[in-house]
Amino acid sequence: MTRFHRRPHHNSTDPTDLVAGLRMGAQGFCGEIAAVDLLIAHRFWLTRDDFLERFIHTGPVPLDSVEPALAWVRWTAAATAFDSGRLACSSGEAAVLDIAIALATGRRFPTSALSSLDRDNFAKVLTAIVRAGGHKNVQVEIR
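### Some details on the packing of aromatic side chains
Aromatic ring pairs are reported here in terms of the distance separating the ring centres and the angle at which the planes meet. Taken as a whole and assessed by the stated rule, the structure comprises three aromatic pairs. For the ring pair Trp-45 and Phe-51, a centre distance of 5.4 Å and an interplane angle of 55 degrees mean the geometry is tilted. Accessibility classification places Trp-45 together with Phe-51 in one group, the buried group. Note on Phe-51 and Phe-55: the rings are 5.3 Å apart at their centroids and 55 degrees apart in plane angle, and the pair reads as tilted. With a gap of four residues between them, Phe-51 and Phe-55 both fall in helix 3 (residues 49–55), about one helical turn apart. Members of the aromatic cluster, joined through ring pairs, are Phe-44, Trp-45, Phe-51 and Phe-55.

Here it is in C-alpha coordinates:
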(Lines give C-alpha, C1' and ligand atoms only; values in the text may rest on other atoms or scores of the structure.)
Protein backbone atom coordinates (compact mmCIF):
# COMPACT_ATOMS: atom_id res chain seq x y z
CA MET A 1 0.00 0.00 0.00
CA THR A 2 1.38 3.37 -0.99
CA ARG A 3 1.12 6.02 1.66
CA PHE A 4 0.51 9.62 0.70
CA HIS A 5 1.06 12.89 2.48
CA ARG A 6 0.59 16.49 1.62
CA ARG A 7 3.70 18.51 1.22
CA PRO A 8 3.94 21.61 3.37
CA HIS A 9 1.91 24.56 2.14
CA HIS A 10 3.46 25.82 -1.09
CA ASN A 11 4.52 29.10 0.53
CA SER A 12 6.97 27.15 2.68
CA THR A 13 8.12 24.86 -0.13
CA ASP A 14 11.09 25.43 -2.36
CA PRO A 15 9.99 27.65 -5.27
CA THR A 16 11.79 25.25 -7.61
CA ASP A 17 9.43 22.47 -6.47
CA LEU A 18 6.41 24.70 -7.13
CA VAL A 19 7.64 25.50 -10.64
CA ALA A 20 8.31 21.82 -11.38
CA GLY A 21 4.93 20.83 -9.92
CA LEU A 22 3.08 23.42 -12.01
CA ARG A 23 4.85 22.28 -15.17
CA MET A 24 4.04 18.63 -14.44
CA GLY A 25 0.41 19.52 -13.70
CA ALA A 26 0.03 21.32 -17.04
CA GLN A 27 1.57 18.57 -19.21
CA GLY A 28 -0.27 17.75 -22.40
CA PHE A 29 -2.10 21.05 -22.85
CA CYS A 30 -0.13 23.57 -24.92
CA GLY A 31 -2.22 26.53 -23.77
CA GLU A 32 -1.92 25.68 -20.09
CA ILE A 33 1.80 24.94 -20.35
CA ALA A 34 2.30 28.31 -22.04
CA ALA A 35 0.19 30.03 -19.37
CA VAL A 36 2.13 28.40 -16.53
CA ASP A 37 5.44 29.26 -18.18
CA LEU A 38 4.27 32.88 -18.55
CA LEU A 39 3.48 33.09 -14.82
CA ILE A 40 6.85 31.51 -14.02
CA ALA A 41 8.75 33.89 -16.32
CA HIS A 42 6.88 36.93 -15.01
CA ARG A 43 7.40 35.84 -11.36
CA PHE A 44 5.01 38.37 -9.76
CA TRP A 45 1.91 36.18 -9.36
CA LEU A 46 3.81 33.19 -8.02
CA THR A 47 5.36 35.31 -5.27
CA ARG A 48 2.05 36.65 -3.95
CA ASP A 49 0.85 34.73 -0.91
CA ASP A 50 -2.81 35.56 -1.60
CA PHE A 51 -2.54 34.21 -5.16
CA LEU A 52 -0.72 31.07 -4.03
CA GLU A 53 -3.21 30.35 -1.25
CA ARG A 54 -6.34 30.94 -3.33
CA PHE A 55 -5.41 29.75 -6.80
CA ILE A 56 -2.54 27.25 -6.64
CA HIS A 57 -3.46 23.74 -5.58
CA THR A 58 -0.83 21.17 -4.63
CA GLY A 59 -1.67 17.47 -4.62
CA PRO A 60 -0.42 14.63 -2.44
CA VAL A 61 2.69 12.64 -3.30
CA PRO A 62 3.88 9.20 -2.12
CA LEU A 63 5.93 9.42 1.09
CA ASP A 64 9.02 7.93 -0.52
CA SER A 65 8.94 10.22 -3.55
CA VAL A 66 11.68 12.72 -4.27
CA GLU A 67 9.57 14.33 -7.01
CA PRO A 68 7.76 17.58 -6.27
CA ALA A 69 4.03 17.46 -5.69
CA LEU A 70 1.83 18.04 -8.71
CA ALA A 71 0.50 21.57 -8.67
CA TRP A 72 -2.01 23.38 -10.80
CA VAL A 73 -3.58 26.78 -11.14
CA ARG A 74 -7.28 27.10 -10.45
CA TRP A 75 -7.74 29.17 -13.61
CA THR A 76 -11.52 29.62 -13.37
CA ALA A 77 -11.32 30.86 -9.79
CA ALA A 78 -8.44 33.18 -10.71
CA ALA A 79 -10.46 34.52 -13.66
CA THR A 80 -13.47 35.18 -11.43
CA ALA A 81 -11.34 37.07 -8.88
CA PHE A 82 -9.56 38.97 -11.64
CA ASP A 83 -12.78 39.93 -13.41
CA SER A 84 -14.35 41.15 -10.17
CA GLY A 85 -11.33 43.33 -9.33
CA ARG A 86 -10.29 41.35 -6.24
CA LEU A 87 -6.62 41.13 -7.26
CA ALA A 88 -4.95 44.49 -6.76
CA CYS A 89 -2.03 44.95 -9.11
CA SER A 90 -0.51 47.23 -11.74
CA SER A 91 -1.88 47.34 -15.27
CA GLY A 92 1.10 45.34 -16.56
CA GLU A 93 0.67 42.66 -13.90
CA ALA A 94 -3.04 42.53 -14.70
CA ALA A 95 -2.30 42.14 -18.41
CA VAL A 96 0.04 39.20 -17.80
CA LEU A 97 -2.51 37.42 -15.60
CA ASP A 98 -5.37 38.14 -18.01
CA ILE A 99 -3.37 36.74 -20.93
CA ALA A 100 -2.24 33.69 -18.93
CA ILE A 101 -5.86 32.95 -17.99
CA ALA A 102 -6.86 33.32 -21.65
CA LEU A 103 -4.14 30.93 -22.82
CA ALA A 104 -5.09 28.32 -20.22
CA THR A 105 -8.87 28.53 -20.61
CA GLY A 106 -9.42 29.63 -24.18
CA ARG A 107 -11.18 32.82 -23.21
CA ARG A 108 -10.45 36.08 -24.98
CA PHE A 109 -8.39 38.92 -23.63
CA PRO A 110 -8.57 42.53 -24.75
CA THR A 111 -5.76 43.41 -27.12
CA SER A 112 -5.54 46.72 -25.25
CA ALA A 113 -3.88 44.70 -22.48
CA LEU A 114 -0.78 44.49 -24.67
CA SER A 115 -0.24 48.25 -24.40
CA SER A 116 0.21 47.84 -20.62
CA LEU A 117 3.30 45.68 -21.05
CA ASP A 118 6.89 46.84 -20.95
CA ARG A 119 9.32 45.48 -23.54
CA ASP A 120 10.46 42.52 -21.41
CA ASN A 121 6.94 41.39 -20.49
CA PHE A 122 5.73 41.92 -24.06
CA ALA A 123 8.41 39.45 -25.21
CA LYS A 124 7.33 36.98 -22.49
CA VAL A 125 3.70 37.25 -23.61
CA LEU A 126 4.59 36.79 -27.27
CA THR A 127 6.69 33.75 -26.37
CA ALA A 128 3.75 32.28 -24.44
CA ILE A 129 1.34 32.89 -27.32
CA VAL A 130 3.66 31.16 -29.81
CA ARG A 131 4.18 28.24 -27.42
CA ALA A 132 0.42 27.93 -26.89
CA GLY A 133 0.25 27.33 -30.63
CA GLY A 134 2.37 24.21 -30.16
CA HIS A 135 5.82 25.62 -30.92
CA LYS A 136 7.73 24.47 -27.84
CA ASN A 137 11.26 25.67 -28.43
CA VAL A 138 10.62 29.31 -29.21
CA GLN A 139 11.90 32.34 -27.35
CA VAL A 140 10.78 35.73 -28.67
CA GLU A 141 13.34 38.50 -28.44
CA ILE A 142 12.51 42.12 -29.16
CA ARG A 143 15.40 44.22 -30.42
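### Focus: the pattern of salt bridges
The tally for this structure, following the rule as stated, stands at seven salt bridges. For Arg-131, the salt bridge goes to Asp-37, with nearest N and O atoms at 4.0 Å. Linking Arg-131 in helix 6 (residues 119–132) with Asp-37 in helix 2 (residues 30–42), this pair joins segments that are 94 residues apart in sequence. Overall, Asp-37 belongs to the buried group, its relative accessible area being 15%. Between Asp-50 and Arg-48 there is a salt bridge, with its nearest N and O atoms 2.6 Å apart. Residues participating in the shared-partner salt-bridge network are Arg-23, Asp-37 and Arg-131.

### Observations concerning the environment of Gly-25
With respect to the secondary-structure elements, Gly-25 resides in helix 1 (residues 15–26). Ignoring sequence-local partners within four residues, the contact set of Gly-25 consists of Leu-70 and Ala-71.

### Regarding the confidence of the model for the protein chain
In the predicted model, the protein chain carries a mean pLDDT of 87, and the fraction of residues at 70 or more is 87%. A low-confidence stretch, residues 1–12 (pLDDT under 50), is modelled with 32 contacts involving residues beyond four sequence positions or located in other chains.

### Some details on helix 1
Taking 1.5 Å per residue, twelve residues should reach 16 Å; helix 1 reaches 17 Å between its end C-alpha atoms and fits that length. Looking only at helix 1, the buried set comprises Leu-18, Gly-21, Leu-22 and Ala-26. Projected onto a plane normal to the axis of helix 1, the buried residues spread over an arc of 125 degrees and lie on a single side. Positive phi shows up at Gly-28, right after helix 1, with a value of about 95 degrees.

### Quick look at the packing of helix 1 against helix 2
Running from amino to carboxyl end, helix 1 crosses helix 2 at an angle of 165 degrees, the nearest separation of the two axes being 8 Å. By the criterion of interaxial angle, the relationship of helix 1 to helix 2 is roughly antiparallel. Considering the relative orientation of helix 1 and helix 2, their crossing is right-handed. Between helix 1 and helix 2, the contacting residues are Val-19, Leu-22, Arg-23 and Ala-26 on the first element and Glu-32, Ile-33, Val-36, Asp-37 and Ile-40 on the second. Broken down by class, the residue content of the contact of helix 1 with helix 2 amounts to six nonpolar, no polar and three charged.

Reading guide: rules and limits
- Residues numbered from 1 in each chain as written.
- Predicted model: local features only at pLDDT ≥ 70, side-chain atom pairs only at ≥ 80, totals over all residues.
- Heavy atoms only, no water.
- Phe/Tyr/Trp six-rings, centres within 6.5 Å; stacked < 30°, edge-to-face > 60°.
- Buried < 20%, exposed > 50% of the residue type's maximum accessible area, 1.4 Å probe, protein only.
- Helix = DSSP H or I, 4+ residues; strand = E, 2+ residues; numbered from the N terminus.
- Salt bridge = Lys/Arg side-chain N within 4 Å of Asp/Glu carboxyl O.
- Contact = heavy atoms within 4.5 Å.
- pLDDT = per-residue confidence, 0-100.
- Expected span 1.5 Å × (residues − 1).
- Arc of directions from axis to C-beta.
- Axes fitted to C-alpha atoms, helices over the stretch in contact; angles between N-to-C directions.
- Parallel < 35°, antiparallel > 145°, perpendicular 65-115°, else oblique.
- Left-handed = near helix turned anticlockwise from the far one by under 90°.
- Nonpolar A, V, L, I, M, F, W, Y, C, P; charged D, E, K, R; others polar.

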